[in-house]
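This is what each chain is made of:
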Amino acid sequence: MQLARGWVAAGLKRRRGQIRCDRRAFCWLNIFMAPKTLRVVRDSKYSGSFTRQQIERAIRNVERTREVGPSVDKRHGDHSARSTKSASRPKG
Amino acid sequence: MPGDYQLSVFINCPFDRTYRKLLHAIVFAVHDCGYIARSALEITDTSQVRLAKIFRIISECAIGIHDISRTELDRRTKLPRFNMPLELGMFLGAKQYGDATQRRKLCLVLDRTPHRYQKFCSDNAGQDISTHGRNSERAIHSVRDFLRNAAPSDVIIPGGAKIYQRYLRFSKTVPALCRELGQPTDKLTFRDYTGFVSVWLKEQEEPKRQISFRQGKQRHITATNA
């Protein structure tokens, strides 16, 4: 009963121009608009000198060394900084 | 799902060293937009005549990207290089006189500056030409925008800026990748490069989802333990 009253009230409001947008429009949009999908990355037409597995492995190795690499470099950098500091520190 | 013909992009551009950066950027953009890059470089069969190879590849591609920016006088011979305009003509001929599928071909013409082509290829004057000014970022943006219009409306294609960022990351990875596989970077073939691009792009997409899922799971586990 309450729902029916609500519909009647909304209808009257819409007639008077108090409600401009139709709530049901969203439902219609969902029904008629096709869902969008992200593009799919395709394989290359021909395989090159390397297999897919070889390339995947190489990419993972490169990423792993990149993750490990900077921390090692930093440590080296810190050591060198310390050593130069100690070397330049005036004695006595 | 569209077949290989609909997704194949014929890339007609110079293959020399000075142009290689732009070629790599264009190939990367093509693959990142969900298409397959094709070129006369992919076939190394010497028994086939070069022109026959190009005709065959053109007939297998619905889309063409033609860069005529290097149509200029050769320093030694003082004659212009006309391979790219010739291949553009072949593509336009296939579109004009081919069957129903060939007539639906689409093409993008790239040049250095907006009206330069009108001086050596004035018959093209009616066409809209994109310019890249020998800049990889601009080339990627033009290729992306063109492929966006060529793609079905329900497919989301990443923006030009995002593709360019990804391209920069990929091009930093390529030398290390070549070292890992024992291949000199300057001797990377077109087939190798397209293989690297497609596998790298797929790798970039897959682990992200796995990591986020695992992280979520780990958090959940630690939360329950605590």
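The coordinates are above.
Residues numbered from 1 in each chain as written. Chains lettered and ligands numbered in written order. Predicted model: local features only at pLDDT ≥ 70, side-chain atom pairs only at ≥ 80, totals over all residues. Heavy atoms only, no water.

Asker: Quick question: what am I supposed to make of the side chain of Glu203 of chain B here?
Answerer: Inspection of the secondary structure assignment puts Glu203 of chain B in helix H9 (residues 190–225). Residues in contact with Glu203 of chain B, not counting those within four places in the same chain, are Glu56, Ile59 and Arg60 of chain A. (Helix = DSSP H or I, 4+ residues; strand = E, 2+ residues; numbered from the N terminus. Contact = heavy atoms within 4.5 Å.)

Asker: Which parts of the structure should I look at to understand helix H2 (residues 20–32) of chain B?
Answerer: Three or four residues apart is the spacing at which side chains of an α-helix point the same way, because the helix has 3.6 residues per turn. Residues and elements named next belong to chain B. The terminal C-alpha atoms of H2, which comprises 13 residues, lie 18 Å apart, in line with the 18 Å expected from a rise of 1.5 Å per residue. Most of H2 sits inside the fold, with 11 of its 13 residues counted as buried. Of all the residues in H2, the buried ones are Leu22, Leu23, His24, Ala25, Ile26, Val27, Phe28, Ala29, Val30, His31 and Asp32. Following H2 by one or two positions, Gly34 has its phi on the positive side, about 90 degrees. (Expected span 1.5 Å × (residues − 1). Buried < 20%, exposed > 50% of the residue type's maximum accessible area, 1.4 Å probe, protein only.)

Asker: Looking at this structure, I do not really get the environment of Arg66 of chain A. What am I missing?
Answerer: Residue position: Arg66 of chain A is located in helix H3 (residues 52–88). Separated by 56 residues in sequence, Arg66 of chain A and Ala10 of chain A have C-alpha atoms that sit 62 Å apart. Setting aside residues up to four positions removed in sequence, Arg66 of chain A forms contacts with Lys172 and Thr173 of chain B.

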